[in-house]
Amino acid sequence: MIDARPFDPEQIQRAYDRRSWLYGKLVAPFEFRNHRRAIAKAKIESSDKVLEVAVGPGRAFLEIVKRIDRNNIACGVDAAPGMLALARRTLEAAGYDNFDLREGDARELDFDNGTFDVLYNAYMLDLIPFADIPGILAEFHRVLKPGGRLVLLNMSKRDDERVSWYERLYGGLPGSFVLNVMGACRPVLMGEFVGQAGFVGVEREFVKGVIPSEIITARVG
Ligand SMILES: C[S@@+](CC[C@H](N)C(=O)[O-])C[C@H]1O[C@@H](n2cnc3c(N)ncnc32)[C@H](O)[C@@H]1O
């Protein structure tokens, strides 16, 4: 695995703000199949309290909201206001209003300890530097209830035996290209990090495809 290029959180937020519409049209459709597979693993019950961190254009968030009661509220957070506006439109166009979408940073979630049954996070840890990942996973652990389920979907690779062509490009191309075209994402394997953050029952599935990905499931013991 290679580390993320050193973009600061404001650069990431601005880049995703600028490219929110394009991301929603060009990238998100390729990832949707993986989201459906990952969300199925969350085994969401209609009364579950669910948080999605980094909702992006809201396609996965809509799938989550469809699975809960109309009088239950799903929560979503994203760092980029442009993404949140898109997500709101996605949900409203589908006729849903039982959601709470807020601007925020995964490093410091504005929710009480033990609030959620399920936390879903997709294609975000792959743009976060390794140094920040333990703190983010500690936040995920903190806001989940005892027994709460974590589901992560990340850009990934089958194993960590060799540096892939994508990682070589990611490491070698100009920073502005990596940030604005590649979305600052590189393949990661998060299973060990999740175990080290205190989660139990950690499992990983590798998913081949246009965007090779991993689905990590785990729970709070
Ligand atoms: C590659 S997109 C994925 C969006 C969505 N999860 C999906 O799969 O379509 C990355 C998203 O993470 C958000 N993001 C990046 N860093 C974040 C952070 N530290 N906290 C919250 N959101 C963040 C970006 O604004 C962007 O919407």
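Cut-offs applied
Residues numbered from 1 in each chain as written. Predicted model: local features only at pLDDT ≥ 70, side-chain atom pairs only at ≥ 80, totals over all residues. Helix = DSSP H or I, 4+ residues; strand = E, 2+ residues; numbered from the N terminus. Rg over C-alpha atoms; globule rule 2.2 N^0.38 Å. Buried ≥ 20, exposed ≤ 12 C-beta atoms within 10 Å, placed from the backbone. Contact = placed C-beta atoms within 7 Å. Pairing = 2+ DSSP bridges. Axes fitted to C-alpha atoms, helices over the stretch in contact; angles between N-to-C directions.

**Q** So what exactly am I meant to see when it comes to the overall build of the protein chain here?
**A** Broken down by element type, the protein chain carries eight helices and seven strands. Computed over its C-alpha atoms, the radius of gyration of the protein chain comes to 16 Å, within 12% of the 17 Å expected for a compact globule of 221 residues. In terms of overall dimensions, the protein chain has a C-alpha envelope of 50 × 35 × 30 Å along the principal axes. Within the span of the protein chain, comprising 221 residues, buried residues form 43% of the whole. In the protein chain, 78% of the contacts between residues at least 6 apart in sequence involve partners at least 24 apart.

**Q** Hey, could you run me through the sheet that holds strand 4 (residues 116–122) in this one?
**A** Whenever strands of a sheet pair, they do so through backbone hydrogen bonds, lying parallel or antiparallel. Read from one edge to the other, the open sheet built from seven strands follows the order 3-2-1-4-5-7-6, with strand pairing classed as mixed. Pairing within the sheet leaves two strands with one partner each, and these edge strands are strand 3 (99–103) and strand 6 (199–207). Pairs of neighbouring strands in the sheet enclose a mean axial angle of 15°, with direction left out of account. Two strands pair when backbone bridges link them, and strand 5 (residues 144–155) and strand 7 (residues 213–220) are joined in this way by seven bridges, in the antiparallel orientation. Considered in strand 7, the bridge of asparagine 154 is made with glutamate 214. Lying over the sheet, helix 2 (residues 20–42) contacts strand 4, strand 5, strand 6 and strand 7, oriented at roughly 165° with respect to strand 5.

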